[in-house]
Amino acid sequence: MLARIAAQAGTPVFVYSADAIRSQHAALTGALAAVPHRVHYSVKANSSLGVLDVVRRLGMGADIVSAGELARALRAGFVPEHMVFSGVGKTPAELATAVDARIGLINLESEAEFATLAAIARDRGRRDVAVGIRVNPDVTTDTHPYTQTGKAGMKFGVPLDQVIPLAQRVKESAQARLVSVGMHIGSQITDSAPYRSGAEKLSGLVVQLRRAGIGSLVSVDVGGGLGIDYGCEPGLEAAAFANAVAPLAQQTGLLLLIEPGRFLVGNAGVLLTRVLYQKRSGGREFVVTDAGMNDFMRPSLYRAYHEIQVVSEAPLDFARPRSTPLAGREGGAEGLVDIVGPNCESGDYLGLERALPGAVPGALLAVLGAGAYGFGMSSHYNSRPRAAEVLVDGRRF
Ligand code: PLP
C-alpha cells in the first residue's frame, strides 16, 4: 500500500495508521484501568485533522499549547471542557480566547501569567475559570537536553517553593478556582523512575496544599513524555508508566490526567521519500532524497535516530537511468551511506552511515517512527512546499 500511496500522493508524504494509534491507546488505558484517569492527547505531536479525528473518536481530550491548536482541536470536534491549555508563554490574546471558549483547564506556569489571566477574567465578569499549576518538580530525565523540562533552572513550570503562595493567590482571587496540580518532565523518556519521583513530589504537594486550606483540587496531571522504541532502545512500557504514576491518584483520591503525544502517534507514522541521486565525495557515499530537514527536522535538530527501509526500488517509469548500488565508503565500513536531503545545510540528513543497498535513484524509502514531531515541526525552508499527509484506516487511505 505504501508504494501505491506514494504513486498517488507524490513524495515526500507522511503516512499514518489509525489502527496503530488505536492499539497504543488501548495499551495505555488498559495499563491505567485501576485508577480513574483521563487522557488528553498532546496535539503538538501531530495536529493533522485526520489524526485528531481518530484520537477524538477514542474518547480522548486534547492538550493544547496555542490558539492555533485550540482552533484545530475545535475543528476536529473536541469539546473545550475536555481540553487542557499548557505552555510557558501564552499570550494575553490566547488566554482570552481560552477563557471565552471555556477550556476545561488552564495550566499556569507563573504568577505573572496568573495576573494576566485574572485581569482577562475580571474584564469579562468571569468567576469560574478552572486553573491548574504546572509544577517544576526538579527531577532529572535521561533524554536529549532539548526535551528535558522537569529540572530546576529550566523555563518550565512553577518551582516547588512558589506553588503554595501561587495557590493562595488563586484561592483569594474572585476569578479562578485551583482544580489541578501537575507536571510535564520532558519527552522521549524511556525510564519510569523520573515519573515515580515526580509523582511522589506532587503527592506531597497535594498534602501541603490541603493543609494550607486549598480544598478545590479535583485532578493531578502527570503530563506526557512517554518514550517509544525508535529501533535503538526500548520504549517505556505502558505498565511501567502506570505503576509509577497510579499511586499518586490512589494516595490523593484525585482524577489522574495524562498528556501523551509521541507514545500514541510516533510509531504510527512513516515518511516516504524518493531517492533522487547518488554521489560520492571525500570518501563518503551519499544518497540524496526528496525529503529533507524542512520536512523532518528530528535528525538534524536532535541527532535523532530513525530507521530507514527501502520500500521498493525504482518504478519502471522513473525518468532517470538506473545506477548500481553504491559500492561503499572508501576507508569506511563497507556499504554504508549517508541519506541526505535537498536543503542547503550540511546538517540536512535523514540518516548517517546506514547499510541501504536498494537505495538507488527512483527507490522509495520509508523513514520509520515519523508520526510524532514530523509534519508538525516541518517548515517551508528553502521555499519548499510541505509534504502531503495520508491517513490509512483499514484498507482505505
Ligand atoms: N504535555 C506538555 C505540556 C508538553 O509540552 C508535551 C511535549 O513536549 C507533551 C505533553 C507531550 O509530550 P510527548 O509527545 O513526549 O508525550
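Everything quoted here is computed from the prediction, not taken from an experiment. (Residues numbered from 1 in each chain as written. Predicted model: local features only at pLDDT ≥ 70, side-chain atom pairs only at ≥ 80, totals over all residues. Heavy atoms only, no water.)

**A word on the nonpolar core**
Consideration 1: Core analysis: the biggest nonpolar cluster contains 101 residues, and Tyr41, Ile106, Phe241 and Leu256 have the highest contact counts within it.
Consideration 2: Per element, the largest residue contribution to this core is 8 residues, and it comes from helix α9 (residues 238-252).
Consideration 3: In contact with Tyr41, not counting residues within four places along its chain, are Asn46, Val51, Leu52, Val55, Met60, Gly61, Ala62, Asp63, Pro260, Gly261, Leu264 and Val265.
Consideration 4: In this structure, Ile5, Ala6, Val15 and Leu364 belong to the second largest nonpolar core, which totals 10 residues. (Core = buried A, V, L, I, M, F, W, Y, C linked by side-chain atoms within 4.5 Å. Buried < 20%, exposed > 50% of the residue type's maximum accessible area, 1.4 Å probe, protein only. Helix = DSSP H or I, 4+ residues; strand = E, 2+ residues; numbered from the N terminus. Contact = heavy atoms within 4.5 Å.)

**What about the packing of aromatic side chains?**
Consideration 1: This model, assessed by the stated rule, comprises 5 aromatic pairs.
Consideration 2: On the basis of an interplanar angle of 65° and a centroid distance of 6.4 Å, the ring pair of Tyr146 and Tyr302 is categorised as edge-to-face. With Tyr146 in the loop between β6 (129-136) and β7 (158-159) and Tyr302 in helix α11 (residues 298-302), this residue pair connects regions lying 156 residues apart in the sequence.
Consideration 3: Owing to a relative accessible area of 58%, Tyr146 belongs among the exposed residues under this scheme.
Consideration 4: What makes Tyr302 buried here is its relative accessible area of 16%.
Consideration 5: Both rings, one in Tyr195 and one in Phe241, keep their centres 5.0 Å apart while their planes meet at 90°; by these two values the pair is edge-to-face. Highlighted residues: Tyr195 in helix α8 (residues 193-211) and Phe241 in helix α9, separated in sequence by 46 residues. Pair check on accessibility: Tyr195 and Phe241 agree, each one buried. (Phe/Tyr/Trp six-rings, centres within 6.5 Å; stacked < 30°, edge-to-face > 60°.)

**Some points on helix α2 (residues 18-31)**
Consideration 1: If you check α2, its first and last C-alpha atoms are 20 Å apart, about what 14 residues at 1.5 Å a residue would give, namely 20 Å.
Consideration 2: Within α2, burial applies to Ala18, Ile21, His25 and Leu28. Down the axis, α2 shows its buried residues gathered within 95° of arc, on one side only. (Expected span 1.5 Å × (residues − 1). Arc of directions from axis to C-beta.)

**What about the site of the ligand?**
Consideration 1: Taken together, 14 residues sit near the ligand, with Ser187, Gly225, Glu259, Arg262 and Tyr373 positioned nearest.
Consideration 2: Here an oxygen atom of the ligand and a side-chain polar atom of His184 are 3.3 Å apart.
Consideration 3: Residue Ser187 places a side-chain N or O atom 2.4 Å away from an oxygen atom belonging to the ligand. (Near = heavy atom within 4 Å. Polar contact = N/O pair within 3.5 Å; in protein donor to acceptor, adjacent residues only side chain to side chain.)

**Observations regarding the side chain of Lys90**
Consideration 1: With respect to the element layout, Lys90 can be found in the loop between β4 (83-85) and α5 (92-101).
Consideration 2: Polar side-chain contacts of Lys90 include one of 2.9 Å to the backbone oxygen of Gly87.
Consideration 3: In contact with Lys90, not counting residues within four places along its chain, are Phe85, Leu95, Ile106, Asn107, Leu108, Glu109 and Glu113.

**Comments concerning the environment of Gln251**
Consideration 1: Take Gln251: it is sitting in helix α9.
Consideration 2: Residues Gln251 and Glu111 lie 140 residues apart in sequence; the distance between their C-alpha atoms is 28 Å.
Consideration 3: Of the polar contacts made by the side chain of Gln251, one reaches the side chain of Ser203; its length is 2.7 Å.

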